[in-house]
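Breakdown of the fold
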Amino acid sequence: MGTQPIKVALLGAGVVGSEVARLLVEQAEDLAARVGAPLELVGVGVRDAGTDRGIPVDATLFSTDLAGLIEATKPDIVVEVMGGIEPARALILQSFESGASVVTANKALLAQHGAELHEASAKHAVDLYYEASVAGAIPLLRPLRESLVGDRVQRVLGIVNGTTNYILTRMDESGATFSDALAEAKALGYAEADPTADIEGQDAAAKAAIIATLAFHSRVVLSDVYCEGITSVTAADVVAAKTTGHVIKLLAIAERASDGSGINVRVHPAMVPRTHPLAGVRDAYNAVFVESEAAGQLMFYGRGAGGAPTASAILGDIVAVARNRLSGGHGPRESTYEQLPALPVGQSSTRYYISLDLADQPGVLALVAAEFATHGVSIETLRQDGHGEDATLLIVTHSARESDLAATVDTLRGLDSVREVTAVMRVVGE
Ligand SMILES: NC(=O)c1ccc[n+]([C@@H]2O[C@H](COP(=O)([O-])OP(=O)(O)OC[C@H]3O[C@@H](n4cnc5c(N)ncnc54)[C@H](OP(=O)(O)O)[C@@H]3O)[C@@H](O)[C@H]2O)c1
């Protein structure tokens with residue numbers, strides 16, 4: 001074993017960082033044996049150095065001057081677990097400048113400034129690893145970046161946000177409304193005091209951008225990702241999903257367009273058939289379903305958040321980066337050679353579930369069916385339930401373009417005999 005320690009600086013000691021520090025100290029002997037040299041924690045950057053974090057780290061290692069900490073300790077590896085865009089971005093760039101490799105869990109930063117960070121790491125011949133940024137403990141990015149790099153990924157479907165999966169599970173299993181399920185998630189610590197980024201889908205969208213970049217060798221940023229959250233999913237939608245053999249999930253989807261013109265990257269709630277492996281992913285668990293040409297279907301499942309699970313992914317990255325440094329090399333560079341454009345959501349295709357309240361009169365069904373045909377949307381199943389003078393029509397379409405379906409629904413809303421379009425939901429995972 002090398003005697004020169006690999007110096008590690010930690011930026012952030014909150015939920016994730018304190019677990020990283022604990023594991024670095026408590027598992028020091030094993031980690032040293034696996035790396036081939038000891039890992040030495042040389043400093044911990046925080047906002048408040050006086051907070052007792054209950055971790056076995058010498059108080060003198062804490063500092064509130066994070067730039068100064070990097071300059072003074074000259075770490076080999078900087079672990080960024082502070083979150084946010086600035087000063088995290090500037091500190092990571094400073095770390096590269098100083099010759100350090102970086103491990104980060106910061107999905108928001110990567111989804112917005114990934115290109116700049118990758119270019120800087122390449123320029124300084126150091127590593128940028130970020131396994132923990134998507135789906136917490138679940139090994140997903142390294143499989144995409146390394147294990148599946150010889151294959152051609154066609155589609156990735158992910159449940160990558162534990163908060164929304166918990167809420168949707170409660171709505172499905174106990175019939176709770178969205179607001180009751182959200183309150184429960186907050187009480188149990190599955191949702192933050194301000195859950196906006198989770199329930200509006202932005203957290204999942206950042207992860208979708210990272211997944212799509214790796215899966216399709218194309219630079220995808222947060223603003224490329226179409227995003228709809230779960231705030232408008234109603235208890236009635238959940239019942240409708242149940243009665244048709246589906247469950248509603250918030251999905252992060254990245255897929256090649258069938259004509260090869262680009263990729264569709266989007267986050268939205270969707271009805272998933274109960275027979276699909278993603279349908280059984282309950283509570284705050286995450287899972288990512290990958291379809292690739294040669295490997296076929298793969299599923300990665302586990303804990304997508306939490307201090308210890310996320311720290312597990314970070315420690316994996318620290319060991320990988322430390323090994324790279326010892327061997328005098330670096331890990332694989334970002335690969336964006338395909339440069340497939342992210343297509344507008346209107347060009348994506350999927351099946352749809354639509355429910356309508358309409359007047360139960362002769363000819364109305366034919367009128368509705370004609371509107372679907374006019375817009376080139378083919379109906380797969382149709383069920384009409386009459387109640388008095390009105391009827392409810394439940395329609396599932398074959399795969400249709402989003403823009404065609406939207407035009408159909410717009411026209412239906414304008415028909416006198418259609419009282420209300422009560423639900424429009426994508427159906428994914430056939
Ligand atoms: N929590 C999870 O389950 C999870 C899962 C996957 C990925 N992540 C990612 O991991 C990162 C950290 O998340 P977390 O939940 O551990 O956050 P957190 O509990 O809020 O911890 C953030 C830490 O960074 C420090 N910090 C933040 N801004 C700072 C600044 N401007 N200057 C100095 N110190 C600063 C804080 O110092 P003080 O303690 O002194 O305030 C705190 O120790 C985020 O990028 C998050 O997206 C988290």
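Just above, that's the structure.
As the structure is a prediction and not an experimental result, all values here were calculated from the model.

**Digging into the packing of helix α13 (residues 364–374) against helix α14 (residues 402–413)**
Close contact between α13 and α14 brings their axes to 9 Å; oriented N to C, the two are set at 150°. Regarding the angle of α13 to α14, the classification is roughly antiparallel. In this structure, α13 crosses over α14, and the sense of that crossing is right-handed. Residues Val368, Glu371 and Phe372 of α13 pack against Thr408, Thr411 and Leu412 of α14. Of the residues in the contact of α13 with α14, the class split is three nonpolar, two polar and one charged.

**Looking at the sheet that holds strand β5 (residues 101–104)**
In a beta sheet, neighbouring strands are held together by backbone hydrogen bonds and run either parallel or antiparallel to one another. The strand order across the open sheet built from six strands is β3-β2-β1-β4-β5-β6, with neighbouring strands paired in parallel fashion. Each edge of the open sheet is held by one strand with a lone partner, namely β3 (62–63) and β6 (128–129). Relative to β5, strand β4 (residues 77–80) is paired through four bridges, and the arrangement is parallel. By the bridge assignment for β5, Glu80 is matched with Thr104. Against the sheet, helix α1 (residues 15–26) contacts β1 (6–11) and β2 (39–45), and its axis sits at roughly 155° relative to β1. Packing of helix α3 (residues 66–73) onto the sheet brings it into contact with β1, β2 and β3, and relative to β2 it is tilted by some 150°.

**Details of the side chain of His217**
Residue position: His217 is located in the loop between α10 (202–216) and β8 (226–227). Since its relative accessible area comes to 11%, His217 is described here as buried. Residues in contact with His217, not counting those within four places in the same chain, are Val149, Ala212, Ser335, Thr336, Tyr337, Glu338 and Gln339.

**So, helix α5 (residues 107–123)**
Residue His113 marks the point of greatest curvature in α5, where the axis turns by about 85°. Those residues of α5 that sit buried are Leu109, Leu110, Ala111, Gly114, Leu117, His118, Ala120 and Ser121. Where α5 is buried, its residues meet β4, α4 (88–97), β5, β6, α6 (141–147) and α10.

**Brief notes about the packing of aromatic side chains**
Taken as a whole and assessed by the stated rule, the structure comprises two aromatic pairs. Centroid distance Tyr166 to Tyr190: 4.7 Å. Interplanar angle 40°. Geometry classified as tilted. One end of the pair, Tyr166, is in helix α7 (residues 162–174); the other, Tyr190, is in the loop between α8 (178–187) and α9 (196–199), and 24 residues separate them in sequence. A relative accessible area of 38% means that Tyr190 is categorised as partly exposed. Between Tyr285 and Tyr301 the ring centres are 5.2 Å apart and the planes differ by 5°, which places this aromatic pair in the stacked class. Residue Tyr285 is located in strand β11 (residues 285–292), and its partner Tyr301 is located in strand β12 (residues 296–303); the two are separated by 16 residues in the primary sequence. Judged by its relative accessible area of 25%, Tyr285 is partly exposed. What makes Tyr301 partly exposed here is its relative accessible area of 46%. Directly above the ring of Tyr129 sits Arg145, whose terminal nitrogen or CZ lies 4.9 Å from the centroid.

**As for the site of the ligand**
As a structural note, the neighbourhood of the ligand is formed by 21 residues, with Ala13, Val16, Asp48, Arg53 and Gly306 the closest of them. Between the ligand and the protein, one listed contact pairs an oxygen atom with a backbone N or O atom of Ala13 at 2.8 Å. At 3.2 Å, a side-chain N or O of Lys107 approaches an oxygen atom of the ligand. Within the complex, the protein chains bury 75% of what would otherwise be the 910 Å² of accessible surface of the ligand. The class makeup of the residues in the shell around the ligand is eleven nonpolar, six polar and four charged.

Cut-offs applied
Residues numbered from 1 in each chain as written. Predicted model: local features only at pLDDT ≥ 70, side-chain atom pairs only at ≥ 80, totals over all residues. Heavy atoms only, no water. Axes fitted to C-alpha atoms, helices over the stretch in contact; angles between N-to-C directions. Helix = DSSP H or I, 4+ residues; strand = E, 2+ residues; numbered from the N terminus. Parallel < 35°, antiparallel > 145°, perpendicular 65-115°, else oblique. Left-handed = near helix turned anticlockwise from the far one by under 90°. Contact = heavy atoms within 4.5 Å. Nonpolar A, V, L, I, M, F, W, Y, C, P; charged D, E, K, R; others polar. Pairing = 2+ DSSP bridges. Buried < 20%, exposed > 50% of the residue type's maximum accessible area, 1.4 Å probe, protein only. Bend = angle between axes of the 7 residues up to and from the residue. Phe/Tyr/Trp six-rings, centres within 6.5 Å; stacked < 30°, edge-to-face > 60°. Lys NZ or Arg CZ within 6 Å of the ring centre and 35° of its normal. Near = heavy atom within 4 Å. Polar contact = N/O pair within 3.5 Å; in protein donor to acceptor, adjacent residues only side chain to side chain. Areas by Shrake-Rupley, 256 points an atom, 1.4 Å probe, with all protein chains shown as cover.

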